[in-house]
Amino acid sequence: MSATGNIKTGQSLPVIALSLLAGVCFLQLQPDLLGPLWTSSEILMFLPLLLWLFYFLPGRRGLLAFFTGYLWALLFAQVYLQHQLPQALQKQDILLQGVVIGLADENNRSTRFDFQVTDYISVNGNSHPQLKSAMPSRLRLSWYYRRGKIHSGDHWRLLVRLKQPHGMHNPGGFDYEKWLYQQGIQATGYIRKSKQNHIISQKSWGIDRLREKLHSIISRLPGEHYQGLLEALTIGHKSAISSDQWQVLRNTGTSHLMAISGLHIGLVAGLVFFLVRRWVPVWLCKRSSAPQVAAVFSLLAAGFYALLAGFTVPTQRAFIMLLVLMSAILIRRPALSINTLSLALIAVIMINPVSVLSVGFWLSFLAVLIISLVSGARVSAQKPRIYGAWLEGIRIQWLIALGMLPLSLLLFQQGSLISPIANMLVIPLVGMLVVPLALLASLTSLVSIAASNWLFSQAGSLLAFIWTLLEWFAQSPLASWQTSSIPLLQSGFALLGVLLLLMPRGFPLRYSGLILLLPMLLYQYPRPQQGEFWVDVLDVGQGLSVLVQTRDKTLLYDTGAKFSERFDIGQRVVVPYLNYKGIEQLDTLLISHGDNDHAGGVDAVLQLMDVKLLLGEAEFIQQQNRSEQATQACKAGDHWQWNGVDFEILHPAQAYKKSNNRSCVLKIWNAQHSLLLPGDMERKAERHMLKQSADALAVDVLIVPHHGSNTSSSQAWLEKLKPELAIVSAGYKNRFGHPTAKVLARYQQLGSRLLNTADGGMIQMKFGQSSATGALHTRQQRKVVVHYWNHRF
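Here goes a summary of the coordinates provided. (Residues numbered from 1 in each chain as written. Predicted model: local features only at pLDDT ≥ 70, side-chain atom pairs only at ≥ 80, totals over all residues. Heavy atoms only, no water.)

1. A look at the sheet that holds strand 19 (residues 665-669)
The strands making up a sheet associate through hydrogen bonds between their backbones, and the pairing can be parallel or antiparallel. Put simply, the rule is: When DSSP locates at least two bridges between a pair of strands, those strands are taken to pair. Put simply, DSSP H or I for four residues or longer makes a helix, DSSP E for two residues or longer makes a strand, and each gets a number counted from the N terminus. Where helices are involved, their axes are fitted lines through C-alpha atoms of the stretch in contact, as for all axes, and angles between N-to-C directions lie from 0 to 180°.
With mixed pairing, seven strands are arranged side by side in an open sheet as 17-18-19-20-21-22-23. Across the chains shown, the open sheet's two edge strands, defined by having one partner strand only, are strand 17 (639-642) and strand 23 (753-756). Each adjacent strand pair in this sheet contributes to an overall mean axis angle of 20 degrees, direction not counted. In the sheet, strand 20 (residues 674-677) pairs with strand 21 (residues 701-703) via two bridges, with the strands oriented parallel. Residue pairing across strands places leucine 675 opposite valine 701, the latter belonging to strand 21.

So this is what it looks like as structure tokens:
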């Protein structure tokens, strides 16, 4: 490679790297793999031809790199999809053998772990090679109410029920299916209670056993408040971090500190590199320079840390990037250059092309690119003094924050304005003190538990001090900047504007980047016009949450379930979607009744959103102890109007013993359309409504009561309503069998169109208010946002 970065007379290395990246991304954007046009064997045969052409056609290397990236990603995708669970075997008992991988995640109800299948067992107890070659090889299993520990490396025979990867599908929410694909997990399921479940063999050594040992040590430390943070920084186990702690981290822009990735690996490697280079023994430098010796030791330290963190996808990516950078030092080339960054990009993509689906992939490379640009612009032959180095570090931190802001707003609808200051203070403390102490404690645990406990305690004390700083920063009015989802066009302009602003002084049109930031800063998420209303039935699994918007008012009907402290639908699904739409205030939060699948997320919504009025079923409201929150019990006859749209409570008009029958029933209508939200009301309440409110029951759209249970949707009630569209909010393959076949048949006999969030994800409806715009528009999230790894829906 020449000094200009060209390979012979061909195209530059950055162009090749970006072309390879474009090919991989093009495959990931496809909704389907277009059938068996390319088999895995054909791709493996064609790739050598591309490499041959790459050598003999230097002027076409960019185009050839694009095709190479596309075919390489296609090969990985086909290998994953070839081991999908057949539909016919979903929720069927399957006997298999395999090995537990990584740390098990435990809570009060269940233990969840990854499982590498080694064999599928037939009915007669023998190996089933045909199933083994076609069935999923990596699973994510839950074992409910299991007594005893599940250890990494143990070999088990288990009776399981599996289902294809499936997650809730809402804009702005966590994409569980994509995450499973990134981890290579091809099915999820649970372990059946059976005498056939037994351990075959145990493994008493290995890095994961060391991780389990460290997890046990940290969990017994005093000061439970910081145990989760210390576990995350030491072994990459983040499940013990509380929701309140995550909120502080998000508000201060320091969430990345709790995910072991490039920052942590780089800081550990940098610290070891500095120490070894400064104090390396002379006899080690006889054949190699001090930087080369330091590079080897820094790679060893980083490799140990990556293994301790479980060698997850982010740590793999970080270690590969570091390996390329240190290799440049070993062969005496510039470590921080565009060419080195390009080689790191090529290496990461070729080892795991699925990594481009990770947000961390883009954030990591963007951060390194910004550092390369701003550092390269200020190269000086004179060695900077310590004071100057600190000022340069502060400047780089501010520029990284600026460069990351458009991407952060695009991906998370949130940016922290206090982030540069918080990171400038916290990163050195975590990277130079807490993490080295934790790693030293981890090594010490091999010889002395007492010494390891003491070192972890010191690291915990430092975390307590750091956390005090973060909580103080989080209370600042500049801590968090919330915005709605920004379209790709505006985000692209903003990113281009930031790159222009980061260019060296004297660069043409540098300050025109400020103009390119304006479309992002001025963007407002659309809302309905006067007299219109929009309704979003969120995909919350087995539960209900419906968002209703008029021109300048917002109502949320129910909040979904809360399954545990770590899995709250209100926090994980509802609030992220409200943030996605730029909603900062709810005019009314209406809770139909107090059952968990409807009201479980109410605490999270009230904590994270500004709610003017909490309206709900009377007994639920009585149980609320919220002196600072305006509350009101709903009763039949309550009516109000927002922006030309009418709202009326039709039920309850009397007391019921069963909470389902006490559900607040809400009707919404405008000049053209009407919608009914009946909660979980059952036949008894339906009969009462037929007597009391029969004239008000005819509607265009109905949210199917009680998720399609046999207890609701009676024939007489449906014949009165005659909805054109009926929407079911239910969990995928739920254990209740909702919606039941009987209920579905009743709707089909009436000619109602049926939609289900379990199949279509979030369902959005736009109700126009005039004859010209009055058509009802529906949109199913899974039909609009389709990827090849979940195209079966």
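From this point, the narrative continues.
2. A few points about the side chain of asparagine 790
To keep it simple, the criterion reads: As used in this structure description, the phrase polar contact means that two N or O atoms lie within 3.5 Å; if the pair is within protein, one of them must be able to donate a hydrogen and the other to accept it, and residues adjacent in sequence are counted only when both atoms belong to side chains. We call two residues contacting when some pair of their heavy atoms lies within 4.5 Å.
Note that asparagine 790 resides in the segment after helix 27 (781-784). Among the polar contacts listed, one links the side chain of asparagine 790 to the side chain of glutamate 177, at a separation of 3.2 Å. If we skip the residues at most four places from it in the chain, asparagine 790 touches His169, Glu177 and Arg782.

3. Some thoughts on the state of the cysteines
The criterion, for reference: In this description, a disulfide is simply a cysteine sulfur pair whose atoms lie within 2.5 Å.
Inspection of the entire model under this criterion finds one disulfide. Sulfur-sulfur distance for the disulfide between cysteine 634 and cysteine 664 comes to 1.8 Å. Because the torsion about its S-S bond is -60 degrees, the bridge between cysteine 634 and cysteine 664 counts as left-handed. One end of the pair, cysteine 634, is in the loop between strand 16 (631-633) and strand 17; the other, cysteine 664, is in the loop between strand 18 (645-651) and strand 19, and 30 residues separate them in sequence.

4. So, the environment of phenylalanine 365
Spelled out, the test is: Each residue is assigned to one of three classes by its accessible area relative to the maximum for its type, calculated with a 1.4 Å probe on protein chains only: buried under 20%, partly exposed between the two thresholds, exposed over 50%.
Inspection of the secondary structure assignment puts phenylalanine 365 in helix 13 (residues 359-376). Note on phenylalanine 365: relative accessible area 9%, which makes it buried. A sequence separation of 20 residues divides phenylalanine 365 from leucine 345, and the C-alpha atoms of the two residues are 7.9 Å apart.

5. Focus: the sheet that holds strand 14 (residues 585-591)
Judged by pairing direction, the sheet is mixed, and its eight strands sit side by side in the order 16-15-14-11-10-9-24-25 without closing on themselves. Here the strands that pair on one side only, and so sit at the sheet edges, are strand 16 and strand 25 (776-780). Each strand of the sheet is rotated relative to its neighbour by a mean of 20 degrees, with strand direction disregarded. Relative to strand 16, strand 15 (residues 610-616) is paired through three bridges, and the arrangement is parallel. Residue leucine 615 lies in a different strand from strand 16, and its bridge partner there is glutamine 632. Its contacts with the sheet place helix 19 (residues 569-580) against strand 9 (533-537), strand 10 (546-549), strand 11 (554-557), strand 14 and strand 24 (763-767), and it is angled at close to 20 degrees to strand 10.

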